[in-house]
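# Descriptive analysis of the structure
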Amino acid sequence: MPTTTDPGVRSERGSRRLALRTSLLRLFVRPRSMALLVALPVLAVVAGIVGWLLDWRLGVDSAVYRAGAVTLLNGDPLYEGNTLGPEPWWALLPFTYPPTAALLFVPLAVLPVQVAWGVVAAVSFLAMALVIRVAIGALPRPSGELPRWASPARTTLIFAIVFFALEPVWRTIFLGQINLILMALVVLDVLVISARGSRWGGVLVGVAAAVKLTPLIFIPHLLFTGRKMDALRALLTFFGLQALMFALIPNDAWRFWTHTVSDQGRIGPMHWAGNQSLNGLVNRLSDLAPWSSTVALAIGAALAPAAIWLMLRFHRRGRPLEALLVTAFYALLVSPVSWSHHWVWAVPLIVLLVSRLPQTTPATAGKRWLAAGAVIVVFVSCVLLVLPNGRNLELHWAFWQYVLGSAYILMPIVLTAVLAGRWLWQRRRAAEERAPDLTAAH
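Anyway, here's the lowdown on the structure attached to this text. Please read these numbers as outputs of a predicted model, since none were measured by experiment. (Residues numbered from 1 in each chain as written. Predicted model: local features only at pLDDT ≥ 70, side-chain atom pairs only at ≥ 80, totals over all residues. Heavy atoms only, no water.)

A few words now on the side chain of Thr100. In this structure, Thr100 sits in helix α4 (residues 99-104). Overall, Thr100 belongs to the buried group, its relative accessible area being 0%. (Helix = DSSP H or I, 4+ residues; strand = E, 2+ residues; numbered from the N terminus. Buried < 20%, exposed > 50% of the residue type's maximum accessible area, 1.4 Å probe, protein only.)

The next subject is the packing of aromatic side chains. Counting across every chain of the model gives 21 aromatic pairs. Ring geometry for Phe329 versus Trp343: centroids 5.8 Å apart, planes at 45 degrees, classification tilted. With a gap of 14 residues between them, Phe329 in helix α15 (residues 320-334) and Trp343 in the loop between α15 and α16 (346-355) connect regions that are remote in the sequence. Trp343 carries the same exposure label as Phe329, and that label is buried. Here the aromatic rings of Trp397 and Tyr402 are separated by 5.6 Å at their centres, their planes lie at 75 degrees, and the arrangement is edge-to-face. (Phe/Tyr/Trp six-rings, centres within 6.5 Å; stacked < 30°, edge-to-face > 60°.)

Let's shift gears to the pattern of salt bridges. Within the structure shown, the criterion is met by 3 salt bridges. Note that Asp230 and Arg233 form a salt bridge whose closest N and O atoms lie 2.5 Å from each other. Here Asp230 pairs with Arg233, and both are found in helix α11 (residues 228-248), just 3 residues apart, close to one helical turn. What makes Arg233 partly exposed here is its relative accessible area of 22%. Its salt-bridge partner being Arg319, residue Glu322 comes within 3.1 Å of it at the nearest N-O pair. Neither Glu322 nor Arg319 differs from the other in exposure class; each is buried. (Salt bridge = Lys/Arg side-chain N within 4 Å of Asp/Glu carboxyl O.)

In this section: the nonpolar core. Core analysis: the largest hydrophobic core is formed by 95 residues, its most contacted members being Phe95, Ile132, Phe163, Trp345 and Phe379. Here this core gets 14 residues from one element, more than from any other, and that element is helix α5 (residues 113-137). Not counting residues up to four positions away in its chain, the partners in contact with Phe163 are Met128, Ile132, Val169, Val347, Ile350 and Val351. (Core = buried A, V, L, I, M, F, W, Y, C linked by side-chain atoms within 4.5 Å. Contact = heavy atoms within 4.5 Å.)

What follows covers the side chain of Ser340. Along the chain, Ser340 falls in the loop between α15 and α16. A distance of 2.9 Å separates polar atoms of two side chains, one belonging to Ser340 and the other to Glu167. A polar side-chain atom of Ser340 sits 3.4 Å from a polar atom in the side chain of Arg171. With sequence-adjacent residues up to four places away left out, Ser340 is seen in contact with Glu167, Pro168, Arg171, Gly274, Leu384 and Tyr408. (Polar contact = N/O pair within 3.5 Å; in protein donor to acceptor, adjacent residues only side chain to side chain.)

Encoded structure:
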């Protein structure tokens, strides 16, 4: 079994980094590829400008990000009310993010609301393309010559366009959310910067966690995978940014960490169908019982040993992408709120599953096609939009509606169960094959 200290694994990772760098540099000498890559981001910015001129309602969440930045610059409180003064009338929502987020959103403050959405959408498109390319670079290189259409650069462009059909992706874009950007920060840090032993390893994870707290889980990921200094840098970056905000806006920083961070009412209804976390599921099943969140937390804690075991198993086999995905999907399950647009981690997962399809044998072809097809259907189907939701309708679902309405939650659990079952079956088969040999030896 290869480990992270094996020369072969180190050599393979070195070649992946070289391939990634070469692939990115080639874009600048291929005008057609460059044009295709920037087409969607340019369209997003143009749409934002047109929306500004025609007064369209574009980017509910990016409008809140921008309002947080404007509020910070004006010296007004971020968390005292349920809305912010600079928010447009069609985006009156509370600012629920750490104060560091308002600081990092300051560049949006100089833009009109709709243009700010266009910029966030453009960066999100580029971030998704980066995630796809890094994910491809983290995969084992297939043997033999690749067909021209399957080169990493072309595959990245194809995926970047096709993946817009995924509900978490298009919802992130339309809302002006930053999920794709945060995912890119984590993927770039864990699979590229930290993997090559850079002194900057962990910094981007710390920045991502300072904007939304969920990426904090990737600090233990770095620690468990033997990158202690990267984990320490991530932690210091996170706390350093919080200390900066305590120096700049002490009242807001204090209010966030003592009150706002635990105020679930500012986030939205926990039981809404869009909350695809264990907490959301338990709240729906229990009819909003007061013990729901505690039970969800206990279930998450019970799943932790299995998640750590699976993550470390992938890591020790030299499969860092799979290890990272285990941590990411575990975070989505145990987070108090995982709106459907948070599930953009489906992007690298589908890249992984599709990459394995050409390597099938008659014995494995059906299973791999089924796995890839099922995951794609889950995230393309928009099943959460079809089911009755809102106004507490989720509390009256039939059994089959609970199953469909938990599709995102069930996906990683089913995949993990299948993997665990396969490995147990392989161990049992190997033990049975060794038994006759031991008997003959005696």
